[in-house]
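# Coordinate inspection notes
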Amino acid sequence: MKEETERFVDAVLWERDGTWKTLMTSSDSFVNAPLAKLYGVSAPASGFAKVTLDAKQRSGLLTQASVLAAHSKANESFPILRGKFIRVGMLCQSLPAPPKVVPPAPKPQPNATTRERFAQHASDPACAGCHDLIDPLGFGLENYDAIGQFRTTENDKPIDARGVVTQTVDIDGPYEGGVELAKKLTESSEARQCVALHGLRWAFGRFEGEGELELVASLERALAPKGVDLRELMVALTKTNAFVERIAE
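Quick look at the structure, then.

## Digging into the packing of helix 10 (residues 189–204) against helix 11 (residues 212–223)
When two helices pack together, their arrangement is given by the angle between the helix axes and by the axis-to-axis distance. Between helix 10 and helix 11, the least distance of the axes is 9 Å, while the angle of their chain directions is 120°. One element, helix 10, and the other, helix 11, form an angle in the oblique class. In the packing of helix 10 onto helix 11, the handedness of the crossing is right-handed. Two secondary-structure elements touch here, helix 10 through Ser-189, Arg-192, Gln-193, Ala-196, Leu-197, Leu-200 and Phe-204 and helix 11 through Glu-212, Leu-213, Leu-215, Val-216, Ala-217 and Glu-220. Residue classes in the contact of helix 10 with helix 11 are distributed as eight nonpolar, two polar and three charged.

What follows is the structure, given as structure tokens:
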């Protein structure tokens, strides 16, 4: 799974347009025999080969097995981790502090779906502060099991992959499934600024300083019309004063 994502990112950066938009929306990827089985496509004769996945099920990084498996538990999908990854990692938003006393999780019902088990979060005031922000994002990825395999049922019940994006600048509203969620994120100025912010942190080797969030916003505005070319983002960062100067300590 890790090698698939590395090959995919390399192909987008150096063989295609290098944009955040393509990283999030392309249905092309690279598989070997085990991954081909997981994705339901023909296996290559040997090693890895480029394939086109089902565009109704897969859309770029967000729906790749590596990302989905890394943000789940070993034996189940985990909407909390997946939702937090999107809210914090892809929108660069902060979450409220958890309550001092966390109520015990409900005992799982044998035939309940993951979504049904986690629905209690929304009704418990002690949990709702955080979970209202992250669960509706994680629920949209419920079509993917713990290792990222696509599914339409869980415990003989149909999967409900409807979600709602809230508390964002420009993409609030309902969606259904990972493909629609990935598209929403490409249309989000916050998500694009988050990409630029991660670029700044990586290039400078530190967290942002005073006034640098406006720098990030200006880079997003300049690069957004072409889908945020990540190569151009790195070049733009090296042209800033922040890259060549530092404040004396």
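## So, helix 1 (residues 2–14)
An α-helical turn contains 3.6 residues, so any two residues separated by three or four positions project in the same direction. Across its 13 residues, helix 1 extends 18 Å between first and last C-alpha, which sits within 8% of the 18 Å expected from 1.5 Å per residue. Where helix 1 is concerned, the buried positions are Glu-4, Thr-5, Phe-8, Ala-11, Val-12 and Leu-13.

## A short note on helix 11
Counted at 1.5 Å a residue, the expected span for helix 11 with its twelve residues is 16 Å, and the 17 Å between its end C-alpha atoms agrees. By the burial criterion, the buried members of helix 11 are Glu-212, Leu-215, Val-216, Ala-217, Leu-219, Glu-220 and Leu-223. As for helix 11, its buried residues are in contact with helix 10, helix 12 (230–238) and helix 13 (241–244).

## Digging into the state of the cysteines
By definition, a disulfide links the sulfur atoms of two cysteines through a covalent bond. What the rule picks out here adds up to one disulfide. Note that Cys-92 is cross-linked by a disulfide to Cys-194, the S-S spacing being 2.0 Å. Residues Cys-92 and Cys-194 share a disulfide whose torsion about the S-S bond is about 75°; that sign makes it right-handed. Of this pair, Cys-92 sits in the loop between helix 5 (79–90) and helix 6 (114–118) while Cys-194 sits in helix 10, and the two are 102 residues apart along the sequence.

## A closer look at the pattern of salt bridges
Applying the stated criterion to the full structure yields 15 salt bridges. One salt bridge connects Arg-162 with Asp-160, and the closest N-O pair in it is separated by 2.9 Å. Residue Arg-162 is classed as exposed on the basis of its relative accessible area of 52%. Asp-160 gets classed as partly exposed once you look at its relative accessible area, which sits at 25%. Close ionic contact of Arg-201 with Glu-208 constitutes a salt bridge, the shortest N to O distance being 2.8 Å. In this structure, a network of salt bridges that share partners links the residues Arg-115, Asp-160 and Arg-162.

## Observations regarding the side chain of Gln-64
Position of Gln-64 among the secondary structure elements: in the loop between strand 2 (49–52) and helix 4 (65–70). When its relative accessible area of 4% is taken as the criterion, Gln-64 is described as buried. Other than its neighbours up to four places away in sequence, Gln-64 contacts Glu-4, Thr-5, Phe-8, Ser-29 and Tyr-39.

Analysis parameters
Residues numbered from 1 in each chain as written. Predicted model: local features only at pLDDT ≥ 70, side-chain atom pairs only at ≥ 80, totals over all residues. Heavy atoms only, no water. Axes fitted to C-alpha atoms, helices over the stretch in contact; angles between N-to-C directions. Helix = DSSP H or I, 4+ residues; strand = E, 2+ residues; numbered from the N terminus. Parallel < 35°, antiparallel > 145°, perpendicular 65-115°, else oblique. Left-handed = near helix turned anticlockwise from the far one by under 90°. Contact = heavy atoms within 4.5 Å. Nonpolar A, V, L, I, M, F, W, Y, C, P; charged D, E, K, R; others polar. Expected span 1.5 Å × (residues − 1). Buried < 20%, exposed > 50% of the residue type's maximum accessible area, 1.4 Å probe, protein only. Disulfide = S-S within 2.5 Å. Salt bridge = Lys/Arg side-chain N within 4 Å of Asp/Glu carboxyl O.

The values are spatial; any link to function lies outside them.
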